[in-house]
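Survey of secondary and tertiary structure
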Amino acid sequence: MVVLFILWILANVAIFINFRAFSSYNVPTFPAIVVNYVVCVLTGSLFILMGWIESPPVFETLQSEQFSTALYIAMGMGSFFIASFYIMGLTTQLSGVAVATLSARISFVIPVLVNLFIWKNGGKDYDFLNYLGLFLAITAVGLVSYKPSKIADPTEYKDDKKKYLAILLPILVFLVSGMIDTTFNYTVREDVQIVLPNQQGIFSILLFGIAGLTGITIFTIQFLRKKITMTKRSIIGGICLGIPNFFSIFLLLKVLSGFKGDGALVFPVFNISVILIAAIASYFFFKEKLSPINKLGLVVAIFAILLISYQEVQSAF
């Protein structure tokens, strides 16, 4: 399970690097996102076809009554993927990159709180050190995400609509991102098991398929209005993004299943690990400098991981 966890982290770091490369190489983002969803479907289908991912017969599974709830969830979440991307873009435009990034990254507190206080589904008894680690994890995300660039001030907008949107959109990004993670967590809980372990490949493909159809529809409308076009860079960018993106969701489900749906442990450790590695990767690949605050955040992140998972570290030795 540790190997799958590491691969999941690396898949998400690869997504970050791809998006960072989009801005460096002027890759039109939305067309690349659409291509990415198609590549996700093809990647998952190939791995199932070759037997590299365990899966029951696809068409029988899709028609089975047991899978019907998972089917509806996949349809809703597939559309949600596109919506969350659009909301993130608006938030970036109105409130700045720093605010949008922080709102998305800090959202892991939603599945954590739901696990601990609503589902009471922690895979272990959380003590003071674990809760301290969760607090440090939130702090680390804020410190690492901090950029000294100017953040848009909602009071600067003369248009009242934009002023309110600049305040509400970051909250919406936080809620939508947290809801997506919580829904994934819910589908693999041991007491619910909406998606069985051998159905996770099919579920992932279905998610990306719905997202892809939604994206293609929006792209076609925009294309006919001559507001957008597909470029060679978008296709290449979408291919590079799609392969790790499929595994980011598939491995998310696998890891959550392996830890018995304990999102209170999985999400904080995962998020700060991705931030940690992504920050280091940015330094080496894109020469992004880390401020003293960012470096402090990396140190805090390491302590947070150790405090959240110290029982698991002890049992491993």
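Residues numbered from 1 in each chain as written. Predicted model: local features only at pLDDT ≥ 70, side-chain atom pairs only at ≥ 80, totals over all residues. Heavy atoms only, no water.

Another point: the overall build of the chain. Helix and strand content of the chain: 13 helices and 0 strands. Each helix and strand of the chain, ordered N terminal to C terminal, gives the series α-α-α-α-α-α-α-α-α-α-α-α-α. Within the span of the chain, comprising 317 residues, buried residues form 47% of the whole. A separation of at least 24 residues holds for 86% of the contacts in the chain among residues at least 6 apart in sequence. Per element, the accessible surface of the chain, about 16,200 Å² overall, is 70% carbon and sulfur. (Helix = DSSP H or I, 4+ residues; strand = E, 2+ residues; numbered from the N terminus. Buried < 20%, exposed > 50% of the residue type's maximum accessible area, 1.4 Å probe, protein only. Contact = heavy atoms within 4.5 Å. Areas by Shrake-Rupley, 256 points an atom, 1.4 Å probe, with all protein chains shown as cover.)

A surface patch of nonpolar side chains, about 650 Å² in accessible area, is lined by F80, Y164, I167, L168, I171, L175 and M179. At 6 residues, the largest contribution of residues to the nonpolar patch is made by helix α8 (residues 160-187). Tracing the backbone shows L168 in helix α8. (Patch = residues over 30% accessible without salt bridge, like charges linked within 9 Å, V, L, I, M, F, W, Y side chains within 5 Å. Salt bridge = Lys/Arg side-chain N within 4 Å of Asp/Glu carboxyl O.)

A few words now on the packing of helix α2 (residues 29-49) against helix α10 (residues 232-258). Interaxial distance between α2 and α10 falls to 7 Å at its minimum, and their mutual angle equals 45 degrees. In terms of axis orientation, α2 runs oblique to α10. With respect to the hand of their crossing, α2 and α10 are arranged in right-handed fashion. Contacts from P31, A32, I33, V35, N36, Y37, V39, C40, T43, G44 and F47 in α2 reach S234, I235, G237, G238, I239, L241, G242, I243, N245, F246 and F247 in α10. (Axes fitted to C-alpha atoms, helices over the stretch in contact; angles between N-to-C directions. Parallel < 35°, antiparallel > 145°, perpendicular 65-115°, else oblique. Left-handed = near helix turned anticlockwise from the far one by under 90°.)

Here we take up the nonpolar core. F5, W8, F81, F184, F203, F246 and I272 are the most contacted members of the largest nonpolar core, which totals 84 residues. Considering each element in turn, this core owes the most residues, 11 residues, to helix α11 (residues 263-285). Residue contacts for F246: discarding those within four places in its chain leaves C40, T43, G44, I53, G201, S204, I205 and F208. (Core = buried A, V, L, I, M, F, W, Y, C linked by side-chain atoms within 4.5 Å.)

Bringing α11 into the picture now. With 23 residues, α11 extends 31 Å between its outermost C-alpha atoms, agreeing within 8% with the 33 Å of an ideal straight helix rising 1.5 Å per residue. The element α11 is largely enclosed, with a buried count of 18 among its 23 residues. Looking one or two places after α11, you find K287, whose phi comes out positive at around 55 degrees. (Expected span 1.5 Å × (residues − 1).)

Positive phi values are uncommon outside glycine, yet N26 reaches one of about 55 degrees. Structurally, N26 can be placed in the loop between α1 (2-24) and α2. Phi is positive for K226, close to 60 degrees, though the residue is something other than glycine. Relative to the assigned elements, K226 resides in the loop between α9 (200-224) and α10.

Before going further, it helps to spend a moment on the packing of helix α6 (residues 109-118) against α11. Taken N-terminus to C-terminus, the directions of α6 and α11 make an angle of 160 degrees; their axes are 8 Å apart at the nearest point. Our classification of the angle between α6 and α11 gives roughly antiparallel. Relative to α11, α6 is oriented so that their crossing is left-handed. Counted together, P111, V112, N115 and L116 of α6 and G263, A264, F267 and P268 of α11 form the full contact between these two elements. In terms of residue class, the contact of α6 with α11 is built from 6 nonpolar, 2 polar and no charged. (Nonpolar A, V, L, I, M, F, W, Y, C, P; charged D, E, K, R; others polar.)

Our focus in this paragraph is the confidence of the model for the chain. When pLDDT is averaged along the chain, the result is 83, and 87% of the positions lie at 70 or above. Within the chain, no element has a lower average pLDDT than helix α5 (residues 97-105), which sits at 66, and none a higher one than α9, at 94. (pLDDT = per-residue confidence, 0-100.)

Relative to the helices and strands, S107 is located in the loop between α5 and α6. Judged by its relative accessible area of 2%, S107 falls in the buried class. When sequence neighbours within four positions are dropped, the list of residues in contact with S107 reads F174, S177 and G178.

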